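# Summary of structural features
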Amino acid sequence: MTANKSILLLPGDGIGPEAMAEVVKTADWMGQQRAVGFDTEEALVGGCSIDAAGVPITDAVMAKAMDADAVLLGAVGGPKWDAVDFAIRPEAGLLRLRKDLELFANLRPAMVFPALADASSLKRELVEGLDIMIVRELTGGVYFGEPRGIETLPDGQRRGVNTQVYTTSEIHRVAAVAFDLARKRGNLVHSVEKMNVMESGRLWREEVTKLHGEQFADVDLQHMLADNCAMQLVRNPKQFDVIVTDNLFGDMLSDEAAMLTGSLGMLPSASLGAADETGRRRALYEPVHGSAPDIAGQGLANPIAMLLSFAMMLRYSFDLGSEADLMETAVANVLNAGIRTADIATSDTKKVSTGEMGQAIRDEMERLSG
Ligand code: IPM
Ligand code: MG
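Given the structure is predicted, the values throughout are model-derived calculations rather than measurements. (Residues numbered from 1 in each chain as written. Chains lettered and ligands numbered in written order. Predicted model: local features only at pLDDT ≥ 70, side-chain atom pairs only at ≥ 80, totals over all residues. Heavy atoms only, no water.)

## Some remarks on the overall build of the chain
- Each helix and strand counted, the chain has 12 helices and 14 strands in total.
- In terms of C-alpha radius of gyration, the chain reaches 21 Å, essentially the compact-globule figure of 21 Å for 370 residues.
- The principal-axis extents of the C-alpha atoms in the chain amount to approximately 65 × 50 × 50 Å.
- Sorting the 370 residues of the chain into buried and exposed places 51% on the buried side.
- Partitioning the intrachain contacts of the chain with sequence separation of at least 6 by distance along the chain shows that 74% fall at a separation of at least 24.
- Of the accessible surface of the chain, which amounts to about 16100 Å², a share of 51% is contributed by carbon and sulfur atoms.
- Charge separation in the chain, taken as the distance between the mean sites of 35 positive and 53 negative side-chain charges, equals 2 Å. (Helix = DSSP H or I, 4+ residues; strand = E, 2+ residues; numbered from the N terminus. Rg over C-alpha atoms; globule rule 2.2 N^0.38 Å. Buried < 20%, exposed > 50% of the residue type's maximum accessible area, 1.4 Å probe, protein only. Contact = heavy atoms within 4.5 Å. Areas by Shrake-Rupley, 256 points an atom, 1.4 Å probe, with all protein chains shown as cover. Lys, Arg positive; Asp, Glu negative; His and termini not counted. Charge placed at Lys NZ, Arg CZ, Asp CG, Glu CD.)

This is the structure we're talking about:
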């Protein structure tokens with residue numbers, strides 16, 4: 001018997017808790033039916049932590065995150081906290097987790113489930129079979145660069161500053177993750193920056209090229225400017241396999257890619273740190289969608305992105321590929337059977353609540369493993 005894996009659950013705000021409830025039930029099911037046990041603990045992050053403790057994440061919760069084998073997060077933020085001090089806004093809790101756990105590689109798959117190809121805003125033939133992996137740098141760039149701040153100038157104007165900054169090692173480590181992933185997929189990497197206007201973009205392109213030549217020459221590498229990439233994603237998204245880009249461009253391009261798939265409610269993500277001597281990586285998993293405060297608490301949320309984030313955890317952190325396959329197959333089958341939450345429902349499908357969707361997926365897992 002090996003010790004149970006420890007998972008820190010951070011449901012957060014908005015639809016986070018109701019989506020996370022489906023993960024808890026699924027993890028329980030796995031413990032009972034598949035003898036895969038997890039030690040889970042829940043804690044606060046985001047607005048709920050501001051309400052309870054005055055900060056978006058406490059040192060105690062950070063310590064738990066450091067100790068856990070993996071962290072699963074729901075979503076943070078909402079209009080309720082729009083007026084709180086910028087330094088302690090809900091999103092700052094998420095940014096601290098990423099930064100302090102050194103989760104520099106953010107994997108955001110955008111794939112189209114066959115049953116949902118018509119839910120895309122693009123024509124079916126453009127998105128059918130789409131399977132892109134966006135690798136977003138997550139702990140550097142303009143999100144964290146110094147100097148930053150808002151100052152008042154002598155003439156009374158105000159001036160806001162953020163700094164886009166990358167070092168060689170920051171570029172190499174995230175590009176290496178992208179090349180490694182490409183080798184297991186379509187063997188193609190698009191590296192995306194704005195080298196036509198930004199020095200940091202020039203460095204990005206030069207260093208990705210250098211690393212490629214030294215260690216990954218077997219992988220196809222293409223360079224693309226970020227604005228062109230945004231355009232190509234809606235023009236011909238199937239030209240992409242793996243896209244590697246900085247923190248800010250990755251934030252935007254991953255939302256765009258997610259929308260191509262028909263619903264933001266479908267997409268999971270993984271944020272990974274460097275591997276230690278034992279090969280273990282710090283890791284945080286979260287849906288790409290946000291907290292959706294407008295529909296929170298009504299049973300309308302789509303729990304699939306949250307459940308697929310848990311499946312990614314099983315695969316990448318715990319080497320439980322067959323349990324991850326089971327979950328992913330169950331999700332695809334349930335969608336094929338026409339069971340849909342409101343965000344992806346159509347006139348000829350059956351509209352169900354968050355809890356009913358979770359139950360349908362567990363029932364299908366039961367049937368598949370029965
Ligand atoms: C994301 C989100 C976050 C980001 C926000 C909530 C800080 O948009 O994970 O993409 O900008 O990174
Ligand atoms: Mg975003």
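## Some remarks on the site of ligand 1
- Around ligand 1, the neighbouring residues are Glu 91, Arg 98, Arg 108, Arg 136, Tyr 143 and Asp 251.
- Take Asp 251: an N or O atom from its side chain is 2.8 Å from an oxygen atom of ligand 1.
- Burial of ligand 1 by the protein chains amounts to 75% of its free accessible area of 320 Å².
- Looking at the shell around ligand 1 residue by residue, the classes come out as 1 nonpolar, no polar and 5 charged. (Near = heavy atom within 4 Å. Polar contact = N/O pair within 3.5 Å; in protein donor to acceptor, adjacent residues only side chain to side chain. Nonpolar A, V, L, I, M, F, W, Y, C, P; charged D, E, K, R; others polar.)

## Regarding the packing of aromatic side chains
- Tallied over the entire structure, the rule returns 4 aromatic pairs.
- When the ring of Phe 38 is compared with that of Phe 310, the centres are 5.7 Å apart and the planes differ by 70°; the resulting orientation is edge-to-face. Pair noted here: Phe 38 is in strand E2 (residues 38–42) and Phe 310 is in helix H10 (residues 304–316), with a separation of 272 residues, a long-range link. For the residue pair Phe 38 and Phe 310, the accessibility class agrees, reading buried in each case.
- Seen from their ring centres, Phe 179 and Phe 216 are 4.8 Å apart, and the 20° between their planes marks the pair as stacked. You can see Phe 179 sitting in helix H6 (residues 168–183) and its partner Phe 216 sitting in the loop between helix H7 (199–215) and strand E9 (220–225), a full 37 residues away along the chain. (Phe/Tyr/Trp six-rings, centres within 6.5 Å; stacked < 30°, edge-to-face > 60°.)

## Some thoughts on the domain arrangement of the chain
- According to the domain assignment, the chain contains domain 1 (1–104 + 267–370) and domain 2 (131–260).
- Each of domain 1 and domain 2 has a C-alpha centre, and the two are 25 Å apart.
- Facing the 10 residues of domain 1 at the interface are 13 residues of domain 2.
- Interface of domain 1 and domain 2: buried area, both sides summed, is about 1100 Å²; carbon and sulfur atoms make up 67% of it.
- For domain 1, the biggest contributors to the area lost against domain 2 are Arg 98, Lys 99 and Phe 104; these three give 52% of the whole.
- The tally of links from domain 1 across to domain 2 stands at 0 salt bridges.
- If one sorts the elements of the side of domain 1 that touches domain 2 by residue count, helix H4 (residues 90–100) sits on top with 3 residues.
- When the residues that make up the side of domain 1 that touches domain 2 are grouped by side-chain class, the tally is 6 nonpolar, 1 polar and 3 charged. (Domains from an automatic or database assignment. Buried area = accessible area lost by both parts, 1.4 Å probe. Salt bridge = Lys/Arg side-chain N within 4 Å of Asp/Glu carboxyl O.)

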